[in-house]
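The chain contents come next:
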Amino acid sequence: MAFSMVTNYAHSPEDIKNYSTEQMRDQFLMEKIFNPGDILLTYTYNDRMIFGGVTPTDAAMEIQLDKDLGVDYFLQRRELGVINIGGEGIITIDGTPETMVKHDGYYIGMGTKQVLFESKDPQDPAKFYVVSTPAHKTYPNKKLPFADALAMPIGDQEHMNKRTIYKYIDASQMDTCQLQMGYTVLEPGSSWNTMPAHTHARRMETYMYLEFGAEDTRVFHYMGKPDETKHIVLNNEQAVVNPSWSIHCGVGTTNYAFIWAMCGENQTYDDMDAVPMDELK
Ligand SMILES: O=C[C@H](O)[C@@H](O)CC(=O)C(=O)O
Ligand SMILES: [Zn+2]
């Protein structure tokens with residue numbers, strides 16, 4: 001089993017003006033999230049979000065972080081959101097096991113001492129995408145089945161952005177300290193997400209793109225200040241960090257999906273600063 005947590009430093013918009021493609025990828029892209037038997041995490045200094053993949057095979061896995069975070073156990077001062085995007089799994093929260101089929105999620109509150117991740121079938125492992133943010137209060141653990149996610153259809157065919165935003169962790173449904181999390185699915189024939197683009201001065205965001213419509217699909221993820229945009233080309237199941245000052249939008253060569261997670265000053269989903277089209281450069 002391999003455990004890794006890489007540090008992703010916060011950047012100023014001035015930094016990326018002169019970044020090469022390689023520097024952009026090195027600083028903002030997580031190329032490997034899921035690898036059988038591994039826990040691969042990123043700790044970003046943007047709002048101290050920790051995110052990544054837990055892919056158990058024949059043994060239960062636990063995210064063990066104490067000294068790195070200066071605490072006694074991982075969730076002593078944090079909350080955790082989970083969405084399984086792989087085979088059937090089990091999540092055992094302080095001794096209580098729960099089945100996690102594909103697209104099931106979980107919110108796990110601050111103070112939870114142990115979270116064990118397992119796969120039912122090591123040949124078809126569960127892939128737990130996890131996102132953790134600093135917390136100051138314990139809110140109840142909650143199973144988040146896909147069927148219960150708040151489905152918000154948005155976009156149209158004319159703009160090639162027909163999609164459904166499934167809100168798993170949303171302030172209208174439940175309490176968390178900071179974390180908001182969801183899963184957006186584009187319809188076949190649609191390719192743009194979040195267009196018009198927006199920034200979030202008051203919240204940072206991470207995205208993990210998945211379920212690409214074809215083997216050769218790639219997503220062009222756009223970021224940067226509205227008048228200084230850059231792109232990163234992503235393959236399936238890769239993730240990017242979006243600082244608060246950066247736009248976010250993306251286009252795929254086919255349809256795809258992505259899991260987004262946000263934290264910061266507020267939990268108002270609609271608090272996005274839409275960027276007028278003629279400000280994009
Ligand atoms: O702030 C909101 C997040 O960027 C996503 O929820 C947006 C999204 O899924 C979409 O428009 O497709
Ligand atoms: Zn956003």
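Rules of the game
Residues numbered from 1 in each chain as written. Chains lettered and ligands numbered in written order. Predicted model: local features only at pLDDT ≥ 70, side-chain atom pairs only at ≥ 80, totals over all residues. Heavy atoms only, no water. UniProt positions renumbered as here; feature names shortened; annotations may be inferred. Donors = N, O, S within 2.8 Å, 3.2 Å for Na, K, Ca; no water. Buried < 20%, exposed > 50% of the residue type's maximum accessible area, 1.4 Å probe, protein only. Helix = DSSP H or I, 4+ residues; strand = E, 2+ residues; numbered from the N terminus. Contact = heavy atoms within 4.5 Å. Near = heavy atom within 4 Å. Polar contact = N/O pair within 3.5 Å; in protein donor to acceptor, adjacent residues only side chain to side chain. Areas by Shrake-Rupley, 256 points an atom, 1.4 Å probe, with all protein chains shown as cover. Salt bridge = Lys/Arg side-chain N within 4 Å of Asp/Glu carboxyl O.

Looking at an unreviewed UniProt entry, one finds the protein chain named 4-deoxy-L-threo-5-hexosulose-uronate ketol-isomerase and attributed to Pediococcus stilesii. Per UniProt, the comment on the protein chain under Function (unreviewed entry) is "Catalyzes the isomerization of 5-dehydro-4-deoxy-D-glucuronate to 3-deoxy-D-glycero-2,5-hexodiulosonate."

Caption draft 1: Representation of the coordination of the zinc ion (ligand 2) in the model. Coordination of the zinc ion (ligand 2) by the protein involves His198 (NE2), His200 (NE2) and Glu205 (OE), with metal-donor separations of 2.0 to 2.2 Å. Each donor residue of the zinc ion (ligand 2) belongs to the same chain, with the gaps between them written as H-x1-H-x4-E. Of the two residues, histidine 198 and glutamate 205, both sit in the buried class.

Caption draft 2: How the structure looks around the side chain of serine 191. As for its placement among the helices and strands, serine 191 is situated in the loop between strand 15 (180-186) and strand 16 (192-199). The residues contacting serine 191, other than those within four sequence positions of it, are Met160, Leu186, Gly250, Val251, Gly252, Thr254 and Tyr256.

Caption draft 3: Broad picture of the site of ligand 1. As a matter of local geometry, ligand 1 sits amid 14 residues, with Arg163, Thr184, Thr194, Glu205 and Tyr269 nearest to it. Take histidine 248: an N or O atom from its side chain is 3.4 Å from an oxygen atom of ligand 1. Measuring from an oxygen atom of ligand 1, one finds a side-chain N or O atom of tyrosine 269 at 2.7 Å. For ligand 1, whose accessible area on its own is 320 Å², the fraction buried by protein is 98%. Those elements giving two or more residues to the shell around ligand 1 turn out to be strand 14 (163-169), strand 16 and strand 22 (257-264).

Caption draft 4: Representation of the pattern of salt bridges. For the structure shown, the criterion picks out seven salt bridges. When the shortest N-O distance is used, the salt bridge between glutamate 187 and lysine 162 registers 3.9 Å. Residue glutamate 187 is located in the loop between strand 15 and strand 16, and its partner lysine 162 is located in the loop between strand 13 (150-154) and strand 14; the two are separated by 25 residues in the primary sequence. Judged by its relative accessible area of 33%, glutamate 187 is partly exposed.

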